[in-house]
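# Working through the structure, step by step
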Amino acid sequence: MWKDFAQYIINNYSNAEKIVEVGAGKFHKVASILEENLNSSIVMTDIKPSHGKIIKDNICNPDLKIYGGSSLIYSIRPQPELMPHLIVVAEKIGADLIIKPFSTDLVNSSKMKLINYKRATFYKASYK
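Bear in mind that the values here come from a model prediction, so they are computed numbers and not experimental data. (Residues numbered from 1 in each chain as written. Predicted model: local features only at pLDDT ≥ 70, side-chain atom pairs only at ≥ 80, totals over all residues. Heavy atoms only, no water.)

Turning next to the overall build of the protein chain. Per the secondary structure count, the protein chain includes four helices and seven strands. In the protein chain, the succession of α and β elements from N to C terminus is α-β-α-β-β-α-β-α-β-β-β. Computed over C-alpha atoms, the radius of gyration of the protein chain comes to 13 Å, within 12% of the 14 Å expected from 2.2 N^0.38 for 128 residues, which places it in the range of a compact globule. Along the three orthogonal principal directions, the C-alpha set of the protein chain runs to about 30 × 30 × 30 Å. (Helix = DSSP H or I, 4+ residues; strand = E, 2+ residues; numbered from the N terminus. Rg over C-alpha atoms; globule rule 2.2 N^0.38 Å.)

Structure (structure tokens):
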């Protein structure tokens, strides 16, 4: 599933200069696949960075400079209360947003469309 999720991003954002993952935590498989396959700046953020490659940021009170110039902002299994903040940042930056929720979570936004790509299921919206 993670390879399919990453492949969707690779296929659709091959020309992106910058892609930001919000809430990277300790799971970096998708970001690693993107770094290996794209000529893009892959930025990871988290409120509690687990290593030096992750930039500390609170999506509820974001530093918009981190997200500026992004073609895509994505988040894997964010807490539901963070989803509206992700949408606000994507709107302000003018980026696409992909949210890969837990299977039991719903994304409550009329702009977010459910995408089924191979074995990956996620929500996507464009705020460009």
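This next bit is on the packing of aromatic side chains. Summed over the entire model, instances satisfying the criterion amount to six aromatic pairs. Residues tryptophan 2 and phenylalanine 5 carry aromatic rings whose centres are separated by 6.3 Å and whose planes lie at 90° to one another, so their mutual orientation is edge-to-face. With tryptophan 2 and phenylalanine 5 both in helix 1 (residues 2-12) and three residues apart, this pair spans about one turn of that helix. Looking at tryptophan 2, the relative accessible area reads 14%, which means it is buried. Relative to phenylalanine 122, the ring of phenylalanine 5 lies with its centre 5.3 Å away and its plane at 80°, an arrangement referred to as edge-to-face. (Phe/Tyr/Trp six-rings, centres within 6.5 Å; stacked < 30°, edge-to-face > 60°. Buried < 20%, exposed > 50% of the residue type's maximum accessible area, 1.4 Å probe, protein only.)

A few words now on the pattern of salt bridges. In the structure shown here, the tally under the stated rule is three salt bridges. Residue glutamate 35 pairs with lysine 53 through a salt bridge whose shortest N-O separation is 3.2 Å. One end of the pair, glutamate 35, is in helix 2 (residues 29-37); the other, lysine 53, is in the loop between strand 2 (41-46) and strand 3 (54-56), with 18 residues separating them in the sequence. The exposure class of glutamate 35 is partly exposed, given its relative accessible area of 32%. In this structure, lysine 128 engages aspartate 96 in a salt bridge whose closest nitrogen and oxygen atoms are separated by 3.9 Å. Separated by 32 residues along the polypeptide, lysine 128 in the segment after strand 7 (120-126) and aspartate 96 in strand 5 (residues 96-100) bring together distant segments of the chain. Using a relative accessible area of 65% as the deciding quantity, one classes lysine 128 as exposed. Assessed through its relative accessible area of 6%, aspartate 96 is described here as buried. (Salt bridge = Lys/Arg side-chain N within 4 Å of Asp/Glu carboxyl O.)

On to helix 1, then. Because an α-helix packs 3.6 residues into every turn, residues spaced three or four apart end up facing the same way. Listed as buried for helix 1 are Trp2, Asp4, Phe5, Ala6, Tyr8, Ile9 and Ile10. For helix 1, the elements touching its buried residues are strand 1 (18-22), helix 2, strand 4 (72-76), strand 5, strand 6 (113-117) and strand 7. (Contact = heavy atoms within 4.5 Å.)

Take the side chain of aspartate 57 next. Its location among the elements puts aspartate 57 in the loop between strand 3 and helix 3 (64-67). Here aspartate 57 is buried and forms no salt bridge, its nearest opposite-charge partner lysine 65 lying at an N-O distance of 9.8 Å. There is a polar contact of 3.0 Å between the side chain of aspartate 57 and the backbone nitrogen of aspartate 63. (Lys, Arg positive; Asp, Glu negative; His and termini not counted. Polar contact = N/O pair within 3.5 Å; in protein donor to acceptor, adjacent residues only side chain to side chain.)

The seven strands lie next to each other as 3-2-1-4-5-7-6, forming an open sheet whose pairing is mixed. Here the strands that pair on one side only, and so sit at the sheet edges, are strand 3 and strand 6. Each strand axis lies, on average, 30° off the axis of its neighbour in the sheet, ignoring direction. Two strands pair when backbone bridges link them, and strand 5 and strand 7 are joined in this way by four bridges, in the antiparallel orientation. Bridging across to strand 7, isoleucine 99 finds its partner in tyrosine 123. Relative to strand 5, helix 4 (residues 83-93) is tilted by about 160°, and along the sheet it contacts strand 1, strand 4 and strand 5. (Pairing = 2+ DSSP bridges. Axes fitted to C-alpha atoms, helices over the stretch in contact; angles between N-to-C directions.)

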